Each structure stands twice: as structure tokens, then as C-alpha cells.
Amino acid sequence: MTSDKNVLVIENGVSAKAYWGDLWRHRELLLFLAWRDILVRYKQTVIGVSWVLIRPLLTMMILTVVFGRIANLSSGDVPYAILVFTGLLPWFYFSNATSESSNSLVTNGNLLSKVYFPRMIVPASTVLVGAVDFVVSISVLVLLMLWYGIDPSWKILLIPLLGFWVGLLSLGIGLLFSALTVRYRDFRHIVPFMLQLGIYASPVGYSTALIPAQWAPLYYLNPIAGIIDAFRWAIIGQVPSLYGIVSSLVITVSFLLVGLIYFRSAESRFADDI
Amino acid sequence: MTSRPFAIEVENLSKSYVISHNSKRKARSLRELLANPFARQDAVGAMPDEDMPKETFWALNDVSFRIGEGERVAIIGGNGAGKSTLLKILSRITEPTSGKVAIRGKVSSLLEVGTGFHPELTGRENIYLNGAILGMRRSEITAKFDQIVDFSGVEKFIDTPVKHYSSGMYVRLAFSVSAWLDPDILIVDEVLSVGDQAFQRRCAERMKELTGAGRTVLFVSHSMQAVKAMCDKAMFLERGRAVHFGSVDDAATQYVRSIEADNTESWGKAEFTPGDEGVIAHSDHQNKIRCHHARIINDEEQVTSQLPIDRPFFIELTYEVLEDLDVSAVPNFHFYDEFGGRVFITMPEGACPREKGVFTARCEIPSFQLNNGRYVVMVAISSFSLEAPLHFAFEYSLRLEVKEDTGMDVRRHGWTGALPGTSRPRLDWTYSSHNRITGFNT
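The rules we used
Residues numbered from 1 in each chain as written. Chains lettered and ligands numbered in written order. Predicted model: local features only at pLDDT ≥ 70, side-chain atom pairs only at ≥ 80, totals over all residues. Helix = DSSP H or I, 4+ residues; strand = E, 2+ residues; numbered from the N terminus. Buried ≥ 20, exposed ≤ 12 C-beta atoms within 10 Å, placed from the backbone. Contact = placed C-beta atoms within 7 Å. Axes fitted to C-alpha atoms, helices over the stretch in contact; angles between N-to-C directions. Parallel < 35°, antiparallel > 145°, perpendicular 65-115°, else oblique. Left-handed = near helix turned anticlockwise from the far one by under 90°. Nonpolar A, V, L, I, M, F, W, Y, C, P; charged D, E, K, R; others polar. UniProt positions renumbered as here; feature names shortened; annotations may be inferred. Pairing = 2+ DSSP bridges. Core = buried A, V, L, I, M, F, W, Y, C linked by C-beta atoms within 7 Å. Expected span 1.5 Å × (residues − 1). pLDDT = per-residue confidence, 0-100.

This part covers the overall build of chain B. The number of helices and strands found in chain B is 8 helices and 19 strands. Within chain B, buried positions represent 37% of all 442 residues.

Here it is, written out as C-alpha cells:
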């Protein structure tokens, strides 16, 4: 056969060569799929996009009452509501992006069996949708900080970077679980369940200052815990656990690697398995 | 080199699927996964599991061919011959098990119209989305937007969600996006039969335009007419093998002959039990309903595949509901003609049994419902409220022949030639007289 550059070779197990180039060529599709999900989500709703704000706000109120008032936990020198919201901001991003992307291949099954494109676009687009919600919820944070009269420091400029980190973690987990869900529908039940428990296992309603030192190594195996610490450091200046941040970084990178490797190994079978 | 450069070159291409029989699970078990999480899931698929009888089915078997640039090639063959599998491999949707394909140029494949259309989005939004899914750039879609809308004829409703469209409008819009793709190689899977007559004509014209401009085209169809009109060459696939690749007429002849050969050998098949040779099984769930057997019965309660055109007959499906169901499980029978074209699908009216037990569903096919000729039946049970509805479907499970002896059809009025078509309905005719003086019957 000719060794022309324009020639695409299809063989069992050699899709890898052109993959990343293909992914780049299909970048517009990534945006289109995210755009579709955002458009569709609030069709036929009365208050539309306000839902993005109402969910974290209501959750914040409940957690503030339960942990701040009833359990009477300490929030240091900031209002309890702010402490909770700085945790909810990354948590909602993480849990929405993770649960949506884990399901994304199955819900987009009709696309996978009819058209070719690098499949990674599907879970990635749902993470992008989560990122848009995240950006919208930042406006609530700004309002809350004005309300409580909290002056931000320069560190607040790190929020986009931290948001990117949450996105990478969600993408890593989403790649792994979306590929697993194609073959084992068990994960459709496992992921939401883990996320439901996760809000309590993560420092959303309370501060990590309450975690006893000897429990920290175990506690910070939850990758979102270190990230929430980093958010609180950037927004309200609470000193984070360095251990937690390093642990979270390592776990994020591990998930990305494992997710990528597993996703790529399973990808060629998606259309047959879906 | 003076020879025409190739557009598609296929060498020893094979694709196999593993079919599991009577398995309780669809997916690989979690236990296997945990034991070996990074095992490459190659196309031959799942790891061996002793308690699950398995069979390898070769959807494509050692197929080699070469298509030159600008050639228009038809792929013909019966159901399950491997046509769709071949298209899916060439469009990169699924990987081959072995063999090699080389493709030169940009490929667009239309295995379906309107892939990715979302009912909640407007026509305008869906054009962009569908275009992007088919590989068009946004600028390209914007440039062709007016042409697409014009072609579809739905200008007035372009900002209405497509869920409010009639099915005709929906399909027209869907086809229109595809019609403005601009690839080097176009792969089409019989999407032409959409819309009303006028729209079909426009589609056919547009297809001619598309295929005229030096484009390489691969076209799958059951219609020999469409194939002859559009293609210069044809490949005839039979049970995963490329039996013939050459002139359209030769391939068509071989195709028809193979059907006839099938006919003389073992056309009739009045009884079916799962596991029969030559039957293709599909299933989404295997733990709720099990198929016992299916039969063709004439109006004298005999099991037979040879049925006179003027007598009714029955298709019977006996199945076992393994657990009480919370969804309806509807038996459905699909009739195909001998060329694989769908004749009709029939489902019962009213509620279907949901409780545990063994049931026989019987469907009466009235006399003259089917024209004389050969038909294939697929028996299936589906729960349409489930996301994956299929309990089972067995392609080619039954084969029957409707026979007409002289004198069976009084409506022939002495005509002894063929009356083509897949049915010969007994329609009501009336006369009215335009004679001023006397009525017709007086």
C-alpha cells in the first residue's frame, strides 16, 4: 500500500496513530455537544437557568443550619454560609460533571453506533457543561462575599485554575466510569450512590480543621477534599493541609492516566457493546 | 504510475462477533473485570467463561477489494450478509477483527439520517448540531445553511422545536443536512427512501449531483433499480464473503441466483427453536423471557411452510416469562420478502401476558395478505417502555412460501402472468354509472 499522508489505515488495534489529531479536528463537536446539553436542559422549565443557582443556594442553607446551627461546628472567623458555599462550589461542579460524564456514553449510544468521532469528546463535553455551571455559580459567591463584607485577596484569581483542576479530576473519573458503564451497567447505580455519600465524606458542610491528624491520610484519599481545601485557601484564606493538596494532585493525575488508558483500550468496542 | 489511484483498499477484512446462548448476563461479569482490569478488550471480545455457551459469528469473512477514485460501487446481499458491518468498519464506527483497510480522502457516512437530532431543539439548532456530528465545520454549516433549509422546505418552522414537526418534515430536514456534505468518499446506507414522492425525487437528483462530481460512493441498497441507476460496479456479499465484485448486472444476477439456490434447497422452515443454524439472534435482556419455539401452521392445524394464497395461516410463538414483569412484553413478527425488504411488522392489540408462565402467541395472516412468493419471518418480543427493549429477536427464524395454483384468485379475470408485489389485498371496488338512461345493474 502507498505510504501517503492522506491515507487512513484501519486495522484491529491501530486506531491510536491518528487519534489525537482526530480529537483536535473534532474540537467543534465538543463545543456543540456541550451547547446542546445546556440548551436542552432548561427547555420547558419556568425559571430556566436559575436552577443552576437555586440548587447550591438551597443546599448551602440546609448545610449551614445542620452543621453550623444544630451541630454548632466552628467555621473559624468567616460566616458559616461562606464556609459551606466555598465547599459547594467545587463539589457541585465535581459531582455534576462526574455523574453526567459517567453516563454520557450510554445516553449518547445512538451517536456511537452511527457516526465516527473520537469518543472522548462525549464525556469531555459533559465536563464542559459542568464548567459552565461552575462559572455561573461563581456569581453567587461574589454576591455572598459582598453581602458578608468579605474582602477577597489576590488568591481569588486562582479560582479558574482550581476550577480547571476539578475539571481534570472529573474528566479522569468520567473517562474511566463512562467506559466501564458501556459494558457494566452496574456503574449507573454505583456512581450516583458514591456521589450521594461523597458530600458527607468531603469537607463541604464542615471545615477540614475538624479532621483529627491521625485520620488525615485516610480522609484525603478523597481527592475532592484537598481541592475544597485549596478553594477555601483561595477564597477565605484558611490554611490548607499541604498533605491533602499533594494527595489530591496525585490522585487526579492517577485517575486521568487510568481513565485515559482504560478508555482507549475499550473505545474500539463501544459501538459493539452499547 | 498510470493506474487510477485507489480510494478504498480492503485486504482480508474479517469481523467476528461472539454470540452467547442462554446467558443470564449481557456484560462481562465484574468478577472478571476485577481479576484482570486492563485486559485489552479486542474485537473478538469477552474473556472465556465456561458456564456460557458461545459461538463465534463471522459477520465478515476475509473480504478483499479495491475501489478506485471516483468509482460508484453498490453493495448488495441479503439480510445478515455483512453489508452494514462492512460500512461500519469503513466509517470507523467499529474495528475489524483482522485485516486491513486503507482509505484515501475524507469520508462521510450516512448510515442514518438525522443522527443526533434532539427533539427539544429547533430546526436551526439541529442543523448545526447534526452538521457538526457529521463532521462539518461551523463556518461550513453557516455557509450552506440557506441551501439546507431551502432544500428541506421547512423554512417556516425553522425556529420551532423539531418535536412539533410532522414525521415527514423531520425526515426531510434530517436528509437535507446530509445532502450538503462535501466528502471525497460518501458511504450511504439506503437512506433514500424518505419523505413523500416529490421529496424522494429531489433526493435522488441531489444524490446524482453528489455522486457525479468525481466522488467515490459506496451505496448499500436492496433495490436493484436504484443500484443500476446509480452505480458502475457492485459487490455481492453472502454470509460475510464477497462472492462477486464487478459489473452491476453480473452481481445482480448472482444475487438473484443465490436467492433461487436457497429456494430450491431449503426455502421452507416451518419450525424454529433457538440455536437453529442460520438464525441470527439479538437480545438486550436474557433473564426475563425465553423463547421456546415458533411454528407456521396452516388452517388445518398442520405445521407447514407451504401455504396456499387463498387460505389463512398462523404464526405461533411459544415463550416463557421467567419472572413477573412490571412492563408489557409485546410479541412482534416481522415479515421480509426474499430480497430482504421489509413487508410489514405485526403486533397484537391489547395487553400482553406479564405473569410468570409459558404462553403461546398466535397471529393469523389472512388469505391474500401476502402475495405468492417467498417470505422470511423474524419473531421477537420487546418491551418498548425499556431503554433497551429487546427480549429476543431471531432473524430468519421461519421461512415460508405462499403458493398460488390456477383458479385460486378469481380476480385474475383470465390473466395468467405475474402479479408482482408483496401483498394482494382484497380491496373494495365500486362502480357508478354515468349512463343516463339505465343504471349499471339494470
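Here we come to the overall build of chain A. For chain A, the count of helices and strands is 12 helices and 1 strand. Along chain A, helices (α) and strands (β) appear in the sequence β-α-α-α-α-α-α-α-α-α-α-α-α when read from the amino end. Buried residues in chain A amount to 47% of all 274 residues. Expressed as a percentage of contacts within chain A between residues at least 6 apart in sequence, the contacts between residues at least 24 apart total 79%.

All names here are of chain B. Phi is positive for Asp-62, which is not a glycine, with a value near 55°. Take Asp-62: it is sitting in strand 2 (residues 54-68). Notably, Arg-92 is not glycine yet its phi reads approximately 70°, a positive angle. In this structure, Arg-92 sits in the loop between helix 2 (83-90) and strand 4 (98-104).

Further remarks concern the packing of helix 4 (residues 80-107) of chain A against helix 7 (residues 159-183) of chain A. Residues and elements named next belong to chain A. Between helix 4 and helix 7, the shortest axis-to-axis distance is 7 Å and the interhelical angle comes to 30°. By the angle class used here, helix 4 and helix 7 are roughly parallel. Where helix 4 crosses over helix 7, the handedness of that crossing is right-handed. Contacts from Pro-90, Tyr-93, Phe-94, Ala-97, Thr-98, Ser-101, Ser-102, Asn-103, Ser-104, Leu-105 and Val-106 of helix 4 reach helix 7 at Gly-163, Val-166, Gly-167, Leu-169, Ser-170, Leu-171, Ile-173, Gly-174, Phe-177, Ser-178, Thr-181 and Val-182. Partitioning the contact of helix 4 with helix 7 into residue classes produces 12 nonpolar, 11 polar and no charged.

Moving on, we come to the UniProt feature "transmembrane region" (unreviewed entry) in chain A. Under the present numbering, the feature "transmembrane region" (unreviewed entry) in UniProt falls on residues 46-68, 80-99, 120-150, 156-178, 190-211 and 242-263 of chain A. In residues 80-99 of chain A, the share of helix is 100% and the share of strand is 0%. The end C-alpha atoms are 28 Å apart.

The topology assignment puts Ser113(A) in the loop between helix 5 (109-112) and helix 6 (121-148). Distance from Ser113(A) to Asp272(A), taken between C-alpha atoms, is 7.7 Å for residues 159 residues apart in sequence. The residues contacting Ser113(A), other than those within four sequence positions of it, are Ala271(A), Ile274(A) and Ile93(B).

With that out of the way, let us pick up the interface of chain A and chain B. At the interface, 35 residues of chain A touch 41 residues of chain B. Put simply, the parts of the chain that give the side of chain A that touches chain B at least two residues each are strand 1 (7-11), helix 2 (27-41), helix 5, helix 11 (242-267) and helix 12 (270-273) of chain A. Of all the elements, helix 2 of chain A adds the most residues to the side of chain A that touches chain B, at 6 residues. As judged from the 5 bridges shared by strand 1 of chain A and strand 4 of chain B, these two strands associate in the antiparallel manner. If you follow Ile10(A) over to strand 4 of chain B, its bridge partner there is Val101(B).

So, about the nonpolar core. Ranked by internal contacts, the top residues of the largest apolar core, which has 143 residues, are Ile227(A), Val73(B), Ala74(B), Ile75(B), Ile187(B) and Ala234(B). Setting aside chain neighbours within four positions, we find Val73(B) in contact with Ile67(B), Val217(B), Leu218(B), Cys231(B), Lys233(B), Ala234(B) and Met235(B). With 31 residues, the next largest nonpolar core counts Leu307(B), Met378(B), Ile381(B) and Leu400(B) among its residues.

All names here are of chain B. Pairing in this open sheet of 6 strands is mixed, and the strands run 5-6-7-3-8-9 from one edge to the other. The open sheet terminates on both sides in strands that have one partner only, identified here as strand 5 (107-110) and strand 9 (241-247). Strand-to-strand twist of the sheet, defined as the mean angle between neighbouring strand axes without regard to direction, takes the value 15°. Direction of pairing for strand 5 relative to strand 6 (residues 185-189): parallel, over a ladder of 4 bridges. Bridging from a neighbouring strand, Val-107 pairs with Ile-185 of strand 6. Here helix 2 sits on the sheet in contact with strand 3 (72-76), strand 5, strand 6, strand 7 (216-220) and strand 8 (233-238), set at roughly 150° to strand 6.

Before going further, it helps to spend a moment on helix 10 (residues 223-236) of chain A. Its 14 residues give helix 10 of chain A an end-to-end C-alpha distance of 20 Å, which sits within 8% of 20 Å, the value for a rise of 1.5 Å per residue. Summarising burial for helix 10 of chain A: 13 of the 14 residues are buried, a large majority.

So, on to the confidence of the model for chain A. In this model, chain A carries an average pLDDT of 90, and 97% of its residues clear a pLDDT of 70 or more. Mean pLDDT across the secondary structure elements of chain A bottoms out at strand 1 of chain A, with 81, and peaks at helix 7 of chain A, with 96.

Bringing the environment of Asp337(B) into the picture now. Looking at the secondary structure, you find Asp337(B) in strand 15 (residues 330-337). With sequence-adjacent residues up to four places away left out, Asp337(B) is seen in contact with Val343(B), Gly373(B), Tyr375(B) and Thr422(B).

Let's shift gears to the sheet that holds strand 12 (residues 289-298) of chain B. Residues and elements named next belong to chain B. In space, the 4 strands of this open sheet follow the order 10-12-14-17, with antiparallel pairing throughout. Of all strands in the sheet, those with a lone pairing partner are strand 10 (271-272) and strand 17 (357-365), marking the two edges. Relative to strand 12, strand 10 runs antiparallel, the two being bridged by 2 bridges. Paired with Phe-272 across the bridge in strand 12 is Ala-294.

So, about the confidence of the model for chain B. All names here are of chain B. Predicted confidence across chain B gives a mean pLDDT of 83, with 86% of residues reaching 70 or more. Looking at the elements of chain B, mean pLDDT is at its lowest for helix 1 (residues 30-35), recorded as 63, and at its highest for strand 14 (residues 313-321), recorded as 95. Every residue in residues 22-27 is under pLDDT 50, and counting partners more than four places away or in other chains gives 9 contacts. This stretch, residues 40-50, has a pLDDT under 50; its non-local contacts, to residues over four places away or in other chains, come to 22 contacts.

Residues and elements named next belong to chain A. Where helix 3 (residues 51-70) meets helix 4, the closest approach of the two axes is 9 Å, and the angle between their N-to-C directions is 130°. Classified by the angle their axes make, helix 3 and helix 4 are oblique. As for the relative orientation of helix 3 and helix 4, their crossing is right-handed in sense. Along the contact surface, helix 3 presents Arg-55, Pro-56, Thr-59, Met-60, Leu-63, Thr-64 and Gly-68, while helix 4 presents Tyr-80, Ala-81, Val-84, Phe-85, Leu-88 and Phe-92. Looking at the contact of helix 3 with helix 4 residue by residue, the classes come out as 9 nonpolar, 3 polar and 1 charged.

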